[in-house]
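One-letter residues, chain by chain:
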Amino acid sequence: MIGFACDANRGRHHHARTRADSILVVMQRAVRRGSFDTLELMLRCRADEIRGIGGSSDVAKLEVVERNLARGREIEANHGAGALLDLQDSSVLECIKRGLIPEEQRIAAELYQKTRHRPYFVL
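Scope of this entry: the structure provided in the associated data block. (Residues numbered from 1 in each chain as written. Predicted model: local features only at pLDDT ≥ 70, side-chain atom pairs only at ≥ 80, totals over all residues. Heavy atoms only, no water.)

1. A closer look at the overall build of the protein chain
Looking only at helices and strands, the protein chain has 5 helices and 0 strands in total. Overall, the protein chain shows an N-to-C arrangement of helices and strands of α-α-α-α-α. Looking at the protein chain residue by residue over its 123 residues, the buried ones come to 36%. Counted over contacts in the protein chain with a minimum sequence separation of 6, partners at least 24 positions apart contribute 70%. A total accessible area of about 7,800 Å² is found for the protein chain, and carbon and sulfur atoms account for 55% of it. (Helix = DSSP H or I, 4+ residues; strand = E, 2+ residues; numbered from the N terminus. Buried < 20%, exposed > 50% of the residue type's maximum accessible area, 1.4 Å probe, protein only. Contact = heavy atoms within 4.5 Å. Areas by Shrake-Rupley, 256 points an atom, 1.4 Å probe, with all protein chains shown as cover.)

As structure tokens, then:
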């Protein structure tokens, strides 16, 4: 009976870790795409959840994502919102096409990418 209880708890713990990891993967994709508005919203909604259900490695990954958000926001403060959008990413291009990303952000990304190398973010 004790072994079964341990197995049941391990299953719950594994599910929580998997959920935390899945959320972190989506956040890391947002960093790669330069979607810092989306990332900020995800962090507001899910950071506490990851801290609650994730292990120490998940929390460390979350802290890296939070630092990436801060760095991205610094760059956008100087070069305009959307400056870090990855204009090669099909989902970003689709959002632009559908009007979900404002034209001003697309222009900021084009200008920034013409004059700068894309910054390196730790993922």
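Let's pick the thread back up.
2. Considerations on the nonpolar core
Met-27, Phe-36, Leu-39, Leu-43, Ile-50, Leu-62 and Leu-84 are the most contacted members of the largest nonpolar core, which has 21 residues in total. Elements supplying a minimum of two residues to this core: α1 (2–33), α2 (36–53), α3 (56–79) and α5 (103–115). With near-sequence residues (within four places) excluded, Phe-36 lies in contact with Val-31, Asn-68, Leu-69, Gly-72, Arg-73, Glu-76, Leu-84 and Phe-121. Counting 6 residues, the second largest nonpolar core, distinct from the first, contains Leu-87, Val-92, Ile-96 and Ala-109. (Core = buried A, V, L, I, M, F, W, Y, C linked by side-chain atoms within 4.5 Å.)

3. Quick notes on the packing of α2 against α3
Where α2 contacts α3, the axes come no closer than 11 Å and their chain directions differ by 155 degrees. Relative to α3, α2 is oriented roughly antiparallel. In this structure, α2 meets α3 at a crossing whose hand is left-handed. Between α2 and α3, the residues in contact are Phe-36, Asp-37, Leu-39, Glu-40, Leu-43, Ala-47, Ile-50 and Arg-51 and Asp-58, Val-59, Leu-62, Val-65, Glu-66, Asn-68, Leu-69, Gly-72, Arg-73 and Glu-76, respectively. Split by residue class, the contact of α2 with α3 holds 9 nonpolar, 2 polar and 7 charged. (Axes fitted to C-alpha atoms, helices over the stretch in contact; angles between N-to-C directions. Parallel < 35°, antiparallel > 145°, perpendicular 65-115°, else oblique. Left-handed = near helix turned anticlockwise from the far one by under 90°. Nonpolar A, V, L, I, M, F, W, Y, C, P; charged D, E, K, R; others polar.)

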